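One letter stands for each residue in the lines below.
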Amino acid sequence: DYLRILRYIRFFLNYSKKKHDPNVLKIIKKNLDGMAVISNERLLDEFKKLTKSKGFANLNEDKFCLEIISLIFPQFKNMFILKNIKKENINKIDFIILLSSLVIDTSDNTEYFLYKFNFSKNDRNRILFLKKFFSNKINKKTFSKENLWKILYFHGRQSLKDLFNYQLLQSKKNEEKLLELSVFFKNKTSPILPINANYLMSKFNIDEGKELGIKLKKIEDKWITNNFKISNKEVEKLILN
């Protein structure tokens, strides 16, 4: 069973107090091609077991184990990211966030990784959201409260949480600010538009149909621009114009 190669890495990092046996290293490298017969699901499951074990914190310090992981998972372009993680926190990281940090770059590497491995629709969307979000230039406004409220509204709490956790892995700059924002938004719920179609139909005598949808969209856009606030006068002005 060629999967023993990954299991060797997990067991070695968890239990061994000696250096690698040179003969074992030769055998592993000689049989690496055999990993191709292992299903991608089993490979990823075995890697997940490694990330949840206490020995995962030692991976970054073992050149051979790092090399083998990189050869088995060539889409893990960002193995250096492990250096940013404190040993006491490394097993607490959400697996999808960890994978995102390892595979997201400026190429189509992420898309190929998702094509190769079988993910649930939810996990796939989480990774793709982070890829799309961080493909744009990050500036001071990116993690402003105003912008984060918009992310919560359009994408939901999980996406907002993922943004914080992903960014914290990328850099230690502004870590304190990010943690404060994460705490601030922890129990926040998505804003709800205070105006609905029934209100417009009864208040302004608008019939159900395309015009109603257009008016409601204008109100929503104004409400979002005003940081999720809108007055009755603004609503009336948008309806009558």
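Cut-off values and rules
- Residues numbered from 1 in each chain as written.
- Predicted model: local features only at pLDDT ≥ 70, side-chain atom pairs only at ≥ 80, totals over all residues.
- Heavy atoms only, no water.
- Salt bridge = Lys/Arg side-chain N within 4 Å of Asp/Glu carboxyl O.
- Helix = DSSP H or I, 4+ residues; strand = E, 2+ residues; numbered from the N terminus.
- Buried < 20%, exposed > 50% of the residue type's maximum accessible area, 1.4 Å probe, protein only.
- Axes fitted to C-alpha atoms, helices over the stretch in contact; angles between N-to-C directions.
- Parallel < 35°, antiparallel > 145°, perpendicular 65-115°, else oblique.
- Contact = heavy atoms within 4.5 Å.
- Nonpolar A, V, L, I, M, F, W, Y, C, P; charged D, E, K, R; others polar.
- Core = buried A, V, L, I, M, F, W, Y, C linked by side-chain atoms within 4.5 Å.
- Expected span 1.5 Å × (residues − 1).
- Arc of directions from axis to C-beta.

## As for the pattern of salt bridges
Pairing between side chains becomes possible if they bear opposite charge and their charged atoms approach one another.
Here's step 1: Here the structure, examined in full by the defined rule, presents 11 salt bridges.
Here's step 2: A salt bridge links K29 to E67; its shortest N-O distance comes to 3.8 Å. With K29 in helix α2 (residues 22-30) and E67 in helix α4 (residues 63-72), this pair connects stretches of sequence that are 38 residues apart.
Here's step 3: D221 is paired through a salt bridge with K217; the nearest N and O atoms lie 2.7 Å apart. Of the two residues, D221 and K217 are both situated in helix α12 (residues 210-225); the distance of 4 residues between them amounts to about one turn of the helix.
Here's step 4: Judged by relative accessible area, D221 falls into the partly exposed class, the value being 35%.
Here's step 5: For K217, a relative accessible area of 44% puts it in the partly exposed group.

## What to know about the packing of helix α3 (residues 40-51) against helix α5 (residues 95-103)
Here's step 1: Between α3 and α5, the shortest axis-to-axis distance is 11 Å and the interhelical angle comes to 105 degrees. Between α3 and α5, the crossing angle belongs to the class labelled roughly perpendicular. Within the contact between the two elements, α3 uses L44, F47, K48 and T51 and α5 uses F95, L98, L99 and L102.
Here's step 2: Here the residues of the contact of α3 with α5 sort into 6 nonpolar, 1 polar and 1 charged.

## With respect to the nonpolar core
Here's step 1: F47, I69, F73 and F76 are the most contacted members of the largest nonpolar core, which has 62 residues in total.
Here's step 2: The greatest single-element share of this core, amounting to 7 residues, is contributed by α5.
Here's step 3: Setting aside anything within four residues of it in sequence, one finds F76 in contact with F47, I69, L99, L102, V103 and F113.
Here's step 4: Judged by nonpolar contacts, the second largest core, of 12 residues, contains I195, I206, I224 and I230.

## Observations concerning α3
Here's step 1: In this model α3 runs 17 Å from its N-terminal to its C-terminal C-alpha over 12 residues, within 8% of the 16 Å that 1.5 Å per residue would give.
Here's step 2: Looking at α3, one finds that the buried residues are L43, L44, E46, F47, L50 and T51. Take α3 and look down its axis: the buried residues cluster within an arc of 160 degrees, on one side only.
Here's step 3: The secondary structure elements touched by the buried residues of α3 are α1 (4-15), α4, α5 and α6 (109-116).

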